[in-house]
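As a plain string of letters, each chain reads:
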Amino acid sequence: MPYGPFGDYYDPNLLRIASEIRDRYFPDPGFEPGLIVDHKDGYRVRIESGQYLGHSGPVSGISNFWTWHRVDEHDNKIGEPVSGYGTELISPRTAEVIPFPGSSGPG
């Protein structure tokens, strides 16, 4: 039986259903460290670190928090690193901003 970090039991069927709902309505945007993507304000950034899902297993949740650097036309870093939610970046999988759960729309 799957148990959480506090000894709570998690029904595998309910976990599967919850994962299917998350994947359908809040898909992973495809961000990963090292990837260069477009920012919603029209410039390009290199993702330095971050994660889409926080934790793992039954208590996982959506984090979608990243750190990035703006890059020039030669992909060289410009300025200081910036941190924020993936709603500020264009998903390489969908070519659009993916809204954060609970938000009314992009960004």
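Residues numbered from 1 in each chain as written. Predicted model: local features only at pLDDT ≥ 70, side-chain atom pairs only at ≥ 80, totals over all residues. Heavy atoms only, no water.

Remarks on the pattern of salt bridges
Side chains carrying opposite charge are able to pair once their charged atoms draw close together.
Step number 1: One pass over the full model with this rule turns up five salt bridges.
Step number 2: Notably, a salt bridge pairs glutamate 20 with arginine 16, separated by 3.1 Å at the nearest N-O pair. Taken together, the positions of glutamate 20 and arginine 16, both in helix H1 (residues 12–25) and four residues apart, correspond to about one turn of that helix.
Step number 3: Residue class for glutamate 20 comes out partly exposed when judged on its relative accessible area of 44%.
Step number 4: The closest approach of N and O atoms between lysine 77 and glutamate 48, which form a salt bridge, is 3.6 Å. Here the residue lysine 77 occupies a position in strand S4 (residues 77–85), and glutamate 48 occupies one in strand S2 (residues 44–54), the gap between them amounting to 29 residues.
Step number 5: Using a relative accessible area of 48% as the deciding quantity, one classes lysine 77 as partly exposed.
Step number 6: Taking relative accessible area as the criterion, glutamate 48 reaches 27% and is therefore assigned partly exposed. (Salt bridge = Lys/Arg side-chain N within 4 Å of Asp/Glu carboxyl O. Helix = DSSP H or I, 4+ residues; strand = E, 2+ residues; numbered from the N terminus. Buried < 20%, exposed > 50% of the residue type's maximum accessible area, 1.4 Å probe, protein only.)

A few points about the side chain of threonine 67
Step number 1: You can see threonine 67 is positioned in strand S3 (residues 61–71).
Step number 2: Among residues more than four places away in sequence, those in contact with threonine 67 are Arg46, Ile47, Glu48, Ser49, Pro81, Val82 and Ser83. (Contact = heavy atoms within 4.5 Å.)

A word on the environment of histidine 39
Step number 1: On the secondary structure map, histidine 39 appears in the loop between strand S1 (36–38) and S2.
Step number 2: For histidine 39, a relative accessible area of 4% gives the class buried.
Step number 3: Distance from histidine 39 to glutamate 88, taken between C-alpha atoms, is 6.1 Å for residues 49 residues apart in sequence.
Step number 4: Histidine 39 has contacts with Val45, Trp68, Glu88, Leu89 and Ile90, leaving out every residue within four places of it along the chain.
Step number 5: Here aspartate 41 takes part through its backbone nitrogen, which lies 2.9 Å from a polar atom of the side chain of histidine 39. (Polar contact = N/O pair within 3.5 Å; in protein donor to acceptor, adjacent residues only side chain to side chain.)

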